[in-house]
Amino acid sequence: MQGSALLIAGTFVAIWASAFTVAGVVVKEWPPLWSLGIRFGLTAPMLLVIVLALRSRLPRPGDIGRVAVLGLCGMGGYLAFAWLAMARIPTGLVALICATTPLMVAAGESLFLRRPLPGLAWVGLAIGWSGVALLGFLRAVDGLAAAEALGFVFAIGAAISQAVGLLVYAPAKGRVDIWMASLGQTTVSALLCLALALALEGAPPSSGSWPTWAAMVWSMVVVGIGAYALNFAMMRRVPASTASALQLLAPPLAAVFGWALLGERLYVSDIIGGVLTLGGLALLVHARSRA
């Protein structure tokens, strides 16, 4: 891999990991759903400017629904569950559980789309899911509080929601412009989260400290726009299998950020379960790249 490609990939992974940390900052002061509704609502106009500047083409009529589902599940539902989880359990743990999305996508492709998986990929799935099961079991043994248990459930829900969105959108992936897809899913996500916030969280936040607003700006501009641009550049310069493997570094890096910046603590059981989960994911990525 060339130095420029490695720099792009490393920067993307670091930004992707930081998404969980800045979310952890925001949800300490603001309700999670209102936070996301505000974030998506402010990001959508920025993306509209980019789409108009680049003269991005509109999706085909048949692909508009897939973009909407990507926004409803792959971004809006995914982040709603994830931010609700981060209000209850460490951000690094949420990042690790959300990283199981490829396990669910692979299983969904095999079960519902009838795409065969190599035998080694099934081994990776088994190891990865055993890691998640171990995470939940050991946390329960340690005396999982009701709020923490709900956070764990929300994190699993985030991974499932994202997998559903990706599976539905997959047939349109090569046809829809990346920035148009980003605008579409962000707009749908804004509508979803604002509706949920009004229904479940009451009045919106009326004020915010500078760390909260700084985290929101980072989440909107650096993560919501910059990470997408870097991911697009990375996919053009780095083999897909290498890019997938590099993204496995995001959950442990998110755990480090949470420990260093938020004072979060991960237990030995989290580390053991995390190693198993990421090991299974790595094996899955390797098996699918060979196939």
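Residues numbered from 1 in each chain as written. Predicted model: local features only at pLDDT ≥ 70, side-chain atom pairs only at ≥ 80, totals over all residues. Heavy atoms only, no water.

**A look at the overall build of the chain**
Here is step 1: On a plain count of helices and strands, the chain comes out with 12 helices and zero strands.
Here is step 2: Seen in sequence order, the chain has helices and strands lined up from the N terminus as α-α-α-α-α-α-α-α-α-α-α-α.
Here is step 3: For the chain, whose C-alpha radius of gyration is 18 Å, the value lies close to the compact-globule estimate of 19 Å for 291 residues.
Here is step 4: With the C-alpha coordinates aligned to their principal axes, the bounding extent of the chain is approximately 45 × 40 × 40 Å.
Here is step 5: The proportion of buried residues among the 291 residues of the chain is 48%.
Here is step 6: If you take every contact in the chain between residues at least 6 apart in sequence, the share linking residues at least 24 apart comes to 92%.
Here is step 7: Of the roughly 13,500 Å² of accessible surface on the chain, 71% is carried by carbon and sulfur atoms. (Helix = DSSP H or I, 4+ residues; strand = E, 2+ residues; numbered from the N terminus. Rg over C-alpha atoms; globule rule 2.2 N^0.38 Å. Buried < 20%, exposed > 50% of the residue type's maximum accessible area, 1.4 Å probe, protein only. Contact = heavy atoms within 4.5 Å. Areas by Shrake-Rupley, 256 points an atom, 1.4 Å probe, with all protein chains shown as cover.)

**Structural notes on the packing of helix α3 (residues 61-86) against helix α4 (residues 91-98)**
Here is step 1: At a minimum axis separation of 9 Å, α3 and α4 run at an interaxial angle of 145°. Read as a crossing pair, α3 and α4 show a hand that is right-handed. On the side of α3, the interface is formed by Tyr 78, Ala 82, Ala 85 and Met 86, while α4 contributes Thr 91, Val 94 and Cys 98.
Here is step 2: When grouped by side-chain class, the residues that make up the contact of α3 with α4 number six nonpolar, one polar and no charged. (Axes fitted to C-alpha atoms, helices over the stretch in contact; angles between N-to-C directions. Left-handed = near helix turned anticlockwise from the far one by under 90°. Nonpolar A, V, L, I, M, F, W, Y, C, P; charged D, E, K, R; others polar.)

**Let's talk about helix α11 (residues 250-262)**
Here is step 1: With 13 residues, α11 should reach 18 Å at 1.5 Å per residue; the first-to-last C-alpha distance of 17 Å fits that figure.
Here is step 2: Among the residues of α11, those classed as buried are Ala 250, Pro 251, Ala 254, Ala 255, Gly 258 and Leu 262. What you see down the axis of α11 is that its buried residues fit within an arc of 140°, all on one side. Those residues of α11 that are exposed and aimed more than 90 degrees away from the buried face are Trp 259 and Ala 260. (Expected span 1.5 Å × (residues − 1). Arc of directions from axis to C-beta.)

**Examining the nonpolar core**
Here is step 1: Of all hydrophobic cores here, the largest spans 63 residues; its most connected members are Phe 20, Trp 83 and Val 94.
Here is step 2: Once residues within four sequence positions are removed from consideration, Phe 20 is found in contact with Tyr 78, Met 86, Thr 91, Val 94, Ala 95, Cys 98 and Ala 254. (Core = buried A, V, L, I, M, F, W, Y, C linked by side-chain atoms within 4.5 Å.)

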